[in-house]
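# Residue-level structure breakdown
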Amino acid sequence: MSNRIRTLMVVGAGQMGGGIAQSAAEAGLQVLLHDVSPERAEHGLESLRRQAARDVAKGRKSEAETSEMLGRIMIADDIKAAARAELVIEAIVESLPAKRELFRRLDDRCPAATILASNTSALPITELAASTGRADRVVGIHFMNPVPVMPLVELIRGLATSDATFREAHHFVQRLGKTPVEAGDSPGFVSNRVLMPMINEAICCVHEGVASPEAVDAIMKLGMRHPMGPLALADLIGLDTCLAIMEVLLQGFGDSKYRPCPLLRKYVQAGWLGKKTGRGFYLYDT
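Residues numbered from 1 in each chain as written. Predicted model: local features only at pLDDT ≥ 70, side-chain atom pairs only at ≥ 80, totals over all residues. Heavy atoms only, no water.

Quick reminder of the rule: UniProt positions are given in the numbering used here, feature names are shortened, and annotations may be inferred rather than shown by experiment.
For the chain, the name recorded in an unreviewed UniProt entry is 3-hydroxybutyryl-CoA dehydrogenase, with Paenibacillus agaridevorans as its organism. On record in UniProt, under Pathway (unreviewed entry), the comment for the chain is "Lipid metabolism; butanoate metabolism." Under the UniProt heading Sequence similarities (unreviewed entry), the note attached to the chain is "Belongs to the 3-hydroxyacyl-CoA dehydrogenase family."

Here's what the structure looks like:
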């Protein structure tokens, strides 16, 4: 197994980026955490410190383990620090223009051997790679939420992704103790092509008055053995992210079965994005 990747930069210090940083640091990698402002990066790191304290309090990890993990994560104020990393993973907003602009900037700043990866939930890796001069060194590494807990990582080849790049990504994921599974570069890949229409249909059940959010989730948990109901899961993912993925599916396939439920769109317009804003289909302490 290759150990060429010693330093990882994570761009985006939100829930997903923070989780990726934690998992990599726990695996012994040095991690540079970058966001659009040092304040946002520090906020992300502070969230990791709070989670680490909870893990110690509940006996899941020792203080020494969490201290070592946090000691491997540094905030990088300037994106130029990406030049020090063998692998850069972006975990920013699910917007194709924003991701393409970031990939252009990273391509300018990183050595030719650096792998540029996206944690996108649904967007085309081939199109992101085309924003760079190193399409063979671009790959999709799609983690599940919450990252430190979920074992699956979808690996997605772009049209030009080289076998060597894919192997390195595969080894990196295994080094984190996770299971890499290859999926094609198709809208939503596999995970969200299957999951998001189910979540969208659950929202339609609420929108049409078929059942309450609590009833929908209870039926799916008790009847289908899902560990979490689809509406609670949507709140955890972020309703804005769910909407963005549904729109990618609708645009990519042109099939009305992927049309976002009007209630999902209305909640996003209202700023009710789920757990991260304190309100979605359920209420949360923020």
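Still to come is the rest of the account.
## Considerations on the packing of aromatic side chains
Condition: Whether two aromatic rings pair depends on their centres lying within 6.5 Å, for rings of Phe, Tyr and Trp, where Trp uses its six-membered ring; planes under 30 degrees apart make the pair stacked, over 60 edge-to-face, and the rest tilted. To sit over a ring, a charge needs its Lys NZ or Arg CZ within 6 Å of the ring centre and within 35 degrees of the ring normal.
A full pass over the atoms with the stated rule returns three aromatic pairs. Ring pairs connect the aromatic residues Tyr267, Trp272 and Phe281, which therefore count as one cluster. The ring of Phe166 carries Arg157 above its face, with NZ or CZ at 4.1 Å from the centroid. Here Arg279 stacks its cationic end above the ring of Trp272, 3.7 Å away from the centre of that ring.

## Here we look at the pairing of strand β2 (residues 30–34)
Consecutive side chains of a regular strand alternate in pointing toward one face of the sheet and then the other. Filter applied, for reference: Note on classification: 1.4 Å probe, protein chains only; a residue is buried when its accessible area is under 20% of the maximum for its type, exposed when over 50%, partly exposed between these limits. A run of H or I in DSSP becomes a helix once it reaches four residues, and a run of E becomes a strand once it reaches two; helices and strands are each numbered from the N terminus. When DSSP finds at least two bridges between two strands, those strands are taken to pair. Crossovers are described as right-handed under a simple rule: with the strands pointing away from the observer, the path leading from the first strand over the helix to the second runs clockwise.
Most of β2 is tucked away, with four of its five residues classed as buried. Where strand β1 (residues 7–11) and β2 come together, five bridges link them in parallel fashion. The residue bridging Leu8 from the neighbouring strand is Val31, located in β2. For the crossover from β1 across helix α1 (residues 15–26) to β2, the handedness is right-handed. In the sheet, β2 pairs with strand β3 (residues 73–75) via three bridges, with the strands oriented parallel. The residue of β3 that forms the bridge with Leu33 is Ile75.

## Details of the sheet that holds strand β5 (residues 115–118)
This is how it is decided: The angle between two axes is taken between their N-to-C directions and runs from 0 to 180 degrees, where each axis is a line fitted to C-alpha atoms and a helix contributes only its stretch in contact. Contacts were defined at the residue level, with two residues in contact if any of their heavy atoms lie within 4.5 Å.
The strand order across the open sheet built from eight strands is β3-β2-β1-β4-β5-β6-β7-β8, with neighbouring strands paired in mixed fashion. What marks the edges here is a single partner per strand, and that holds for β3 and β8 (179–183). Taking each pair of neighbouring strands and ignoring which way they run, the sheet shows an average axis angle of 25°. Judged from the three bridges that link them, β5 and strand β6 (residues 138–143) form a sheet pairing that is parallel. For Leu116, the partnering residue across the bridge sits in β6 and is Val138. Sheet contacts for helix α4 (residues 96–109): β1, β4 (87–90), β5 and β6; angle to β5, the most-contacted strand, approximately 165°.

## Observations concerning the pairing of β4
Residue alternation in β4 divides its side chains into two sets, Leu87 and Ile89 and Val88 and Glu90, and both sets are buried. Judged from the four bridges that link them, β1 and β4 form a sheet pairing that is parallel. Across the sheet, residue Met9 finds its bridge partner in β4, namely Val88. With four bridges connecting them, β4 and β5 associate as parallel partners.

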